[in-house]
Structure formats: structure tokens, C-alpha cells
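# Structural overview
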Amino acid sequence: MLAGALAVVGAHVAAVGELEALRQRYPQAPLIHKGKALTPPVVNAHTHLDLSKLGYYQGPYTGFIRQVIANAAERGVEAAQLGLAKLQAAHTGAFGDIVARDEGMEYLLLESPLPGVAYREVLGTNPEQAGEIFEAVKPKLLAWKRREGRVKVGISPHTAHTVSAPLLKKLFEFAALEGFPLQIHLAESPEESAYFRDNTGPLAGFMAPFNPSWRGLGLSPVEYLAHLGGLGPNLTLVHGVQVNENDVQILAQTGCKVVSCPRSNAGLECGSFPWELYGKYHLEVALGTDSLGSSPDLDVKNEALFLWQQVDPRALVRAVTRGGYRVLGLEAARITRGTPVSQVQSW
């Protein structure tokens, strides 16, 4: 990897380039080592700020879901405020957040000092209630969209197994028609794959009371969404760990994007994100921390550092900068001549 550098004059960047080239242009300038990377403000593309009061959990994926449900009373605006403060303390430039409650959306639209996308979470496993759930959330989404400013509004069908097929279809069609970006948790754990394949494993037992008619489809989660017609350039998959080459080809052909949350995946025994496979098909990848319930902090730079010895650092730096901005549909921050030094992060 080439050694990159910045030439700084006063409080602004004067030049960007390779270290040796800049040393020739500025031979009298002192050389100051600043760590592994110099970047514009980084992007945390997937958070659950309203879970910031949840205790840090490590263990099987289904156990984590049970913990989230058991601690539902801890969710709310106060937790989101705590999480947003942690993003600011980590010098985050933009964020993507899954918002579970209306008051959380109101808070982010009115109060967030950071740009980002707030994806309103939608759940509902009963196909017979799909119309009712959709009609309840539709006018709220449209009203929030009219008030967009620093924070944009998106939709998050929670997962493919907690949202019925009819409700998924309604949300996908509505999002495409009205221009809402989407984030969905998908292909996260081996338990999820077993559930979709043949309705076996711990997740099958957990989901049985909520969806007793489920029998398994012999499909991967990605194939299932493709079958529903939900894949496209406005959809971002969160996690995307349990995929094969056919899945990634489908995602690439439909223009989907991906957010990886490596420390959460490690802690919840989900497996490792296949960076080389996604790179082979040129998918845009961003990084996220997930929540404080499944990650030790909300500093997305630590997600990159967690993988620094295993993954090409260039891919990681791109994921927390340009990749993150692109996944969220925001204008990418760059370091160029004239950039204030205060906008440069070293880590």
C-alpha cells in the first residue's frame, strides 16, 4: 500500500498525494506521522441509536433478539440522544439509523446535528395484517419525507423473516414509487439461512409462535427477496454474511448495496463477511457498528481497525468514507486542496 500524505500550510490542506512526491515539493516541511489513515469524516452506515442503553451482549444470534425484546422499555429518545452523542464524540461525519418508534424519528429530524438517513423500522409477520400495518405507516412516512433536511427519511423492513411477504411487497413498491431508500437486515446468521432453507435451527423455534404456517422455502434469504421483486438500487442489505457466489451475483445484477458490521457479526457468532467475494462483483460496501447491544462502541473506525490485518486496508478506508456516503445517498466528503485541517481525521 502506498504511503499517502497531506501537505498542510496554516490551517488548511495545501496538497494531497504520495509521501515521497510531497516531500520533494515541500523539502523543508517537518514529517509528522498520524497513524494508519488520513480521511475525511467517516460514515457509520448502520446504527440502532435507540438501543444505546442495552447491555453489550455476546452469544448466539437468537439470544440477542430475545435480549432486545426483553429490554424494549429501555428504547426511546433518551437512548437515541445518548447514541447520537457517542457518534459525535467519535467524530462521525454521517450516519444511517434504524428508528423503531415515531418519537425517535421526530427527534432525529428536528435535533440531529449530523447528516444521515433515518430508516423507520416496520415489522409484521402475519400476512393478514399486511394491509393494516402498511396503511398505518404510509401517511407518517410521507409526512416525514416532506420535512426532510439534514436527515433524510428511509424505510427499514426489519428482516425477511419478521416481515410477511405481502407487507414486504407493499413496502418495496411504495419505496420505489415515492423514492425512499431501504435498509433490511439480511443473510446475517447461519440460523437465518437454516430457517429459510428448511425451517430448522434455533431461529425456527423462536419464530414458530409468530409465523406457525412457515415451512421453509429451499431458498437463501437473498433468493427469497429476489423472488419477491424487492432487490434494486434503492435497497441496502445490512450484514450479508451468509451468502454464496450466486447470492452476490444476484445482488450485483440488481444494483443493491451492502453494510457490513464485523464486530457485531463476530460477537453474535454470525460468521465473517466475504470481502473478496463482494469485491469480485464490485458491490458498494459500507461499514456500520450496529448497536451498543452487539458492539462495544459506536466508533466505526474501530470496525475497520478490527479487520485491518485480514482485509485490504484500501477497501476498509473506502468503506468508512466514500462507500458510506454512497450507500446512504449523501454527497461524499473529500480531502482536497483548501480542506480545513479540522475536517481531516487521523486514525
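Analysis parameters
- Residues numbered from 1 in each chain as written.
- Predicted model: local features only at pLDDT ≥ 70, side-chain atom pairs only at ≥ 80, totals over all residues.
- Heavy atoms only, no water.
- Disulfide = S-S within 2.5 Å.
- Buried < 20%, exposed > 50% of the residue type's maximum accessible area, 1.4 Å probe, protein only.
- Core = buried A, V, L, I, M, F, W, Y, C linked by side-chain atoms within 4.5 Å.
- Helix = DSSP H or I, 4+ residues; strand = E, 2+ residues; numbered from the N terminus.
- Contact = heavy atoms within 4.5 Å.
- Axes fitted to C-alpha atoms, helices over the stretch in contact; angles between N-to-C directions.
- Parallel < 35°, antiparallel > 145°, perpendicular 65-115°, else oblique.
- Left-handed = near helix turned anticlockwise from the far one by under 90°.
- Nonpolar A, V, L, I, M, F, W, Y, C, P; charged D, E, K, R; others polar.
- Polar contact = N/O pair within 3.5 Å; in protein donor to acceptor, adjacent residues only side chain to side chain.
- Salt bridge = Lys/Arg side-chain N within 4 Å of Asp/Glu carboxyl O.
- Expected span 1.5 Å × (residues − 1).
- Arc of directions from axis to C-beta.

Per the counting criterion, the structure on display carries zero disulfides. Unpaired in terms of disulfides, Cys-256 finds its nearest cysteine sulfur in Cys-261, a separation of 16 Å. Take Cys-261: it sits in no disulfide, and the sulfur closest to it among the cysteines is that of Cys-270, at 10 Å. When its relative accessible area of 0% is taken as the criterion, Cys-261 is described as buried.

What follows concerns the nonpolar core. If you look at the biggest cluster of nonpolar residues, it comprises 84 residues, and the most contacted ones within it are Ile-155, Leu-225, Leu-235, Trp-275 and Tyr-278. At six residues, the largest contribution of residues to this core is made by helix α6 (residues 165-178). Other than its neighbours up to four places away in sequence, Trp-275 contacts Ser-260, Val-285, Leu-287, Leu-307, Val-311, Ala-315, Leu-316 and Ala-319. Grouped together as the second largest cluster of nonpolar side chains are 14 residues, Ala-45, Ile-98, Val-117 and Ala-286 included.

When two helices pack together, their arrangement is given by the angle between the helix axes and by the axis-to-axis distance. Where helix α3 (residues 77-89) meets helix α4 (residues 102-111), the axes come as close as 9 Å, and the angle between the chain directions of the two elements is 40°. Viewed along their axes, α3 and α4 adopt a mutual orientation that is oblique. The two elements α3 and α4 cross, and the hand of that crossing is right-handed. When α3 is examined against α4, the residues Val-77, Ala-80, Gln-81 and Leu-84 are found in contact with a partner set consisting of Glu-103, Gly-104, Tyr-107 and Leu-108. When grouped by side-chain class, the residues that make up the contact of α3 with α4 number five nonpolar, two polar and one charged.

All right, on to unusual backbone geometry then. Most peptide bonds adopt trans geometry, and most residues besides glycine take a negative phi value. In this structure, Ala-187 takes a positive phi of about 50° despite not being glycine. Positioned with a positive phi, His-239 is a non-glycine residue whose angle comes to about 95°. For His-239, the location among the structural elements is in strand β9 (residues 235-239).

This next bit is on helix α7 (residues 190-198). Restricting attention to buried positions, one finds in α7 the residues Glu-191, Glu-192, Ser-193, Ala-194, Tyr-195 and Phe-196. The inward-facing, buried residues of α7 abut α2 (61-70), β8 (182-186), α8 (202-207) and α9 (221-228). Taken from the residues just after α7, Asn-199 is the one with a positive phi, measuring 60°.

Quick look at the side chain of Ser-295 now. Topologically, Ser-295 is positioned in the loop between β11 (285-287) and α13 (300-306). Polar side-chain contacts of Ser-295 include one of 2.6 Å to the backbone oxygen of Thr-289. If sequence neighbours within four positions are ignored, Ser-295 has contacts with Tyr-56, Arg-263, Ser-264, Thr-289 and Glu-303.

What follows concerns the pattern of salt bridges. Overall, the coordinates contain 14 salt bridges when judged by the stated rule. Ionic pairing is found between Asp-102 and Lys-140, a salt bridge with its closest N-O pair at 2.6 Å. Note that Asp-102 is positioned in helix α4 and Lys-140 in helix α5 (residues 130-146), a separation of 38 residues in sequence. The class of Lys-140 is partly exposed, set by a relative accessible area of 35%. The closest approach of N and O atoms between Asp-312 and Arg-314, which form a salt bridge, is 2.9 Å. Overlapping salt bridges, with partners in common, bring together Asp-102, Arg-120 and Lys-140 in one network.

Here α3 contains 13 residues, and its C-alpha end-to-end distance of 18 Å stays within 8% of the 18 Å for a straight helix at 1.5 Å per residue. For α3, the complete set of buried residues consists of Ala-79, Ala-80, Gly-83, Leu-84 and Leu-87. Relative to the axis of α3, the buried residues are bounded by an arc of 135° and lie together on one face. Turned more than 90 degrees from where α3 packs its buried face, Glu-78 and Ala-89 sit exposed. Those residues of α3 hidden inside the fold are in contact with β4 (42-47), β5 (92-99) and α4. Phi turns positive, to about 60°, at His-91, one or two residues after α3.

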